[in-house]
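Residues per chain, in single letters:
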Amino acid sequence: AQKVTQAQTEISVVEKEDVTLDCVYETRDTTYYLFWYKQPPSGELVFLIRRNSFDEQNEISGRYSWNFQKSTSSFNFTITASQVVDSAVYFCALSEESDDYKLSFGAGTTVTVRA
Amino acid sequence: DTGVSQNPRHKITKRGQNVTFRCDPISEHNRLYWYRQTLGQGPEFLTYFQNEAQLEKSRLLSDRFSAERPKGSFSTLEIQRTEQGDSAMYLCASSLGGRSGNQPQHFGDGTRLSIL
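How each quantity is defined
- Residues numbered from 1 in each chain as written.
- Chains lettered and ligands numbered in written order.
- Predicted model: local features only at pLDDT ≥ 70, side-chain atom pairs only at ≥ 80, totals over all residues.
- Heavy atoms only, no water.
- Contact = heavy atoms within 4.5 Å.
- Buried area = accessible area lost by both parts, 1.4 Å probe.
- Salt bridge = Lys/Arg side-chain N within 4 Å of Asp/Glu carboxyl O.
- Polar contact = N/O pair within 3.5 Å; in protein donor to acceptor, adjacent residues only side chain to side chain.
- Helix = DSSP H or I, 4+ residues; strand = E, 2+ residues; numbered from the N terminus.
- Nonpolar A, V, L, I, M, F, W, Y, C, P; charged D, E, K, R; others polar.
- Buried < 20%, exposed > 50% of the residue type's maximum accessible area, 1.4 Å probe, protein only.
- Pairing = 2+ DSSP bridges.
- Phe/Tyr/Trp six-rings, centres within 6.5 Å; stacked < 30°, edge-to-face > 60°.

A.B. asks: How should I be thinking about the interface of chain B and chain A in this particular structure?
C.D. replies: Often, the extent of an interface is quoted as the loss of accessible area on bringing the components together. Taken together, the contact between chain B and chain A spans 22 residues of the former and 18 residues of the latter. Across the interface of chain B and chain A, roughly 1700 Å² is buried in total on both sides, 51% from carbon and sulfur atoms. Linking chain B with chain A are two salt bridges, by the criterion used here. Among the salt bridges present, the one from A:Lys102 reaches B:Glu56, with a minimum N-O distance of 2.8 Å. In this structure, the connection of chain B to chain A is made through five residue pairs in polar contact (both at pLDDT 80 or more). At the level of elements, strand S4 (31–37), strand S5 (44–50) and strand S6 (53–57) of chain B are the ones that each hand at least two residues to the side of chain B that touches chain A. When residues in the side of chain B that touches chain A are grouped by element, the largest group, four residues, is from S4(B). In the side of chain B that touches chain A, the residues fall into nine nonpolar, nine polar and four charged.

Structural data, given as structure tokens:
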């Protein structure tokens, strides 16, 4: 069974628009971590953020913000005032204590920001 | 911190040949992971090491695949008798792990394998 679901396959926006990427996860663990990674066309996966299951506080980092809601098993990611350089594939991932914290990735959402 | 280094970046080979990829992790990281990523999908876990010990191999990893990390530093992933279905991006990641094995994994640029 898929542990991480990213329902949006592709999103296309015009520069300066906001973009929200959805991520829904499934786990029976009480201790787990959620991640977002960015994969630009060059191919390298770039770590963006990690949240643990005990900290539901939302986080903002520059133009990026994350909304973690355990009640809906969601960890959504918003890019505010998008830029062309934000164009990439974004992956949500889950690591569970029972699985020795190996990463399970969603299928990714391709974001295209047009000038 | 020079990051995770993988080579080669690209490998093109004929079906049936053997290939070997190398990964150099971030120097202080004791955990090293291999993932495979096919087009339009997220990375899938293959195997991982803590120091030189291989802790787990995914069911995705057939007997034709073998990975080593002989001195707990760099790692190699070998595929014997390659098949068309082996065409993918092979990603390596490293992290600090163990008792609190929750540190972020940092990824290399990957090795793209194409089987002719």
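A.B. asks: Where do I start with unusual backbone geometry in this structure?
C.D. replies: Trans is the prevailing form of peptide bonds, just as negative phi is the prevailing case for residues other than glycine. Cis peptide bonds are those with omega within 30 degrees of zero, and the linkage from B:Asn7 to B:Pro8 qualifies with 0°. Within the secondary structure, B:Pro8 is located in the loop between strand S1 (5–7) and strand S2 (10–13). The residue A:Lys16 is not glycine, and still its phi comes out positive at about 85°. Turning to its location among the elements, A:Lys16 is positioned in the loop between strand S2 (10–14) and strand S3 (19–21). Using a relative accessible area of 70% as the deciding quantity, one classes A:Lys16 as exposed.

A.B. asks: Would you take a moment to explain the pattern of salt bridges for this structure?
C.D. replies: Two side chains that carry opposite charge are able to pair once their charged atoms sit near each other. By the definition in use, this model includes 12 salt bridges over all chains. The partner of A:Glu96 in a salt bridge is A:Lys3, with the nearest N and O atoms 2.6 Å apart. In this pair, A:Glu96 sits in strand S10 (residues 88–96) while A:Lys3 sits in the segment before strand S1 (4–5), placing the two residues 93 residues apart along the sequence. Between A:Arg51 and A:Glu59 there is a salt bridge; the shortest N-O distance is 2.5 Å. One continuous salt-bridge network, built from bridges that share partners, spans A:Lys3, A:Glu96, A:Asp99, A:Lys102 and B:Glu56.

A.B. asks: I would appreciate a short explanation of the pairing of strand S9 (residues 74–79) of chain A in the present structure.
C.D. replies: Here is the key point about a regular strand: its side chains alternate between the two faces of the sheet. Residue and element names in this part refer to chain A. Judged by how many residues are buried, S9 sits mostly within the fold: six of six residues are covered. Here S9 shows a buried face lined by Ser74, Asn76 and Thr78 and a second buried face lined by Phe75, Phe77 and Ile79. Relative to S9, S3 is paired through three bridges, and the arrangement is antiparallel. From the neighbouring strand, Leu21 faces S9, where its bridge partner is Phe77. Bridge count for strand S8 (residues 64–69) against S9 is six bridges, and the pairing is antiparallel. The residue bridging Ser65 from the neighbouring strand is Thr78, located in S9. Between S8 and S9, which pair antiparallel one after the other, the connecting turn spans four residues, and Ser73 there sits at a positive phi close to 50°.

A.B. asks: So what exactly am I meant to see when it comes to the packing of aromatic side chains here?
C.D. replies: Two descriptors summarise a pair of aromatic rings, namely the distance from one centre to the other and the angle between the planes of the rings. Within the structure shown, the criterion is met by 24 aromatic pairs over all chains. Taking the centre distance of 5.9 Å and the plane angle of 90° together, the rings of A:Phe105 and B:Tyr35 count as edge-to-face. Within this pair, whereas A:Phe105 is found in strand S11 (residues 103–105), its partner B:Tyr35 is found in strand S4, the two belonging to separate chains. Exposure remark for A:Phe105: the relative accessible area of 7% places this residue in the buried category. For the pair B:Phe65 and B:Tyr90, a centre-to-centre distance of 6.5 Å together with 35° between the ring planes defines the contact as tilted. Of this pair, B:Phe65 sits in strand S7 (residues 65–68) while B:Tyr90 sits in strand S9 (residues 88–95); the two residues are 25 residues apart in sequence, bridging distant segments of the chain. Judged by its relative accessible area of 3%, B:Phe65 falls in the buried class. Linked through ring pairs, A:Phe35, A:Tyr37, A:Phe47, A:Phe91, A:Phe105, B:Tyr33, B:Tyr35, B:Phe45, B:Tyr48 and B:Phe107 together constitute an aromatic cluster.

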